[in-house]
Amino acid sequence: MAWFNLEELKKYIRRDNSVLVVWDVQEALVNSIFNKEEFLEKLKELISAARQYNVPIVYTKITPYPERFQNPAFRRNFNPGDIVKEVYPQPGDVVLNKNTPSIFVGTNFELMLRNVGITTIVFTGIATDIGVETSARHAQALGFLPVIAKEAVSSADKAAHERSLANLQRLMLVLNNKEIIERWSA
């Protein structure tokens with residue numbers, strides 16, 4: 001059970017106060033998820049709506065620390081590849097290189113949002129149970145309204161994805177694309 005009134009909170013989602021985050025939709029991650037085709041279809045739908053309603057889009061990319069500055073305990077040889085071509089950024093979109101599972105740590109994301117009065121962050125991407133959940137919880141702790149686009153998030157681990165959505169639904173808005181797009185179009 002959620003601690004908030006869902007319908008009342010949805011009123012705070014507007015096109016003029018929202019940003020769409022496309023979290024780590026990179027080749028290796030997209031190829032590892034359990035619902036690749038459905039995920040890409042729903043992600044494209046939400047990106048298209050964001051463009052239609054002039055909602056800014058911020059893509060994130062996994063960017064390792066320089067080798068000398070990587071913690072040896074966490075060092076790994078993993079190349080996530082580029083953002084997939086199906087949803088590749090367009091001029092005007094922001095690509096944010098980040099080193100952690102929180103969009104706020106080591107980036108200027110919070111400052112960018114506060115500079116233009118954005119208070120609602122719609123999260124999409126991979127992985128629901130890692131970076132999406134971490135960033136959404138961090139956003140809420142900083143006073144932003146996080147919204148999870150439940151049809152446009154995914155993970156390599158379906159059970160972890162479902163657990164994460166169930167946990168997040170108790171704390172914040174977890175909405176389908178139709179609900180988000182209806183708010184942006186209002």
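These figures come from a predicted structure and were not determined experimentally. (Residues numbered from 1 in each chain as written. Predicted model: local features only at pLDDT ≥ 70, side-chain atom pairs only at ≥ 80, totals over all residues. Heavy atoms only, no water.)

Visitor: For this particular structure, what's the right way to read the pattern of salt bridges?
Guide: Oppositely charged side chains may form a pair once their charged atoms are brought near each other. Using the criterion set out here, one finds twelve salt bridges in the structure. Two residues, Glu7 and Lys10, come together in a salt bridge whose shortest N-O distance is 3.4 Å. In this pair, Glu7 and Lys10 are both assigned in helix 1 (residues 6-10), three residues apart and thus about one turn of the helix distant. A salt bridge links Glu182 to Lys178, with the shortest nitrogen-to-oxygen separation between them at 2.9 Å. (Salt bridge = Lys/Arg side-chain N within 4 Å of Asp/Glu carboxyl O. Helix = DSSP H or I, 4+ residues; strand = E, 2+ residues; numbered from the N terminus.)

Visitor: Is there a simple way to think about the packing of aromatic side chains in this case?
Guide: Any two aromatic rings considered together are summarised by their centre-to-centre distance and by the angle between their planes. Applying the stated criterion across every chain, the model contains two aromatic pairs. With a centroid separation of 5.9 Å and 20° between ring planes, the pair formed by Phe104 and Phe144 is classed as stacked. With Phe104 in the loop between strand 3 (94-98) and helix 4 (109-116) and Phe144 in the loop between helix 5 (128-141) and strand 5 (145-154), this residue pair connects regions lying 40 residues apart in the sequence. Classification of Phe104 by relative accessible area gives buried; the value is 10%. (Phe/Tyr/Trp six-rings, centres within 6.5 Å; stacked < 30°, edge-to-face > 60°. Buried < 20%, exposed > 50% of the residue type's maximum accessible area, 1.4 Å probe, protein only.)

Visitor: Would you take a moment to explain a negative patch on the surface for this structure?
Guide: The grouping of Glu37, Glu38, Glu41 and Glu86 at the surface amounts to a negative patch. Inspection of the secondary structure assignment puts Glu41 in helix 3 (residues 36-52). Under the relative-accessibility criterion, Glu41 is labelled exposed at 53%. (Patch = residues over 30% accessible without salt bridge, like charges linked within 9 Å, V, L, I, M, F, W, Y side chains within 5 Å. Areas by Shrake-Rupley, 256 points an atom, 1.4 Å probe, with all protein chains shown as cover. Lys, Arg positive; Asp, Glu negative; His and termini not counted. Charge placed at Lys NZ, Arg CZ, Asp CG, Glu CD.)

Visitor: How should I be thinking about the sheet that holds strand 5 in this particular structure?
Guide: In sheet architecture, strand pairing relies on hydrogen bonds along the backbone and comes in two forms, parallel and antiparallel. Spatial strand order, 3-2-1-4-5-6: six strands in an open sheet with parallel pairing. Only two strands of the sheet have a single partner each, and these edge strands are strand 3 and strand 6 (173-175). Averaged over neighbouring strand pairs, the angle between their axes works out to 25° when direction is ignored. Where strand 1 (residues 18-23) and strand 4 (residues 120-126) come together, six bridges link them in parallel fashion. Each bridged residue has a counterpart across the sheet, and for Trp23 the counterpart in strand 4 is Gly125. Docked against the sheet, helix 3 engages strand 1, strand 2 (57-62), strand 4 and strand 5, running at close to 140° with respect to strand 5. (Pairing = 2+ DSSP bridges. Axes fitted to C-alpha atoms, helices over the stretch in contact; angles between N-to-C directions. Contact = heavy atoms within 4.5 Å.)

Visitor: I keep staring at the environment of Thr100 and nothing clicks. Help me out?
Guide: For Thr100, the location among the structural elements is in the loop between strand 3 and helix 4. Residue classification places Thr100 among the buried positions, given a relative accessible area of 16%. Once the C-alpha coordinates of Thr100 and Tyr65 are considered, the two residues, 35 residues apart in sequence, prove to be 9.5 Å apart. Polar contacts involving the side chain of Thr100 include one to the main-chain carbonyl oxygen of Ser102, which spans 3.0 Å. (Polar contact = N/O pair within 3.5 Å; in protein donor to acceptor, adjacent residues only side chain to side chain.)

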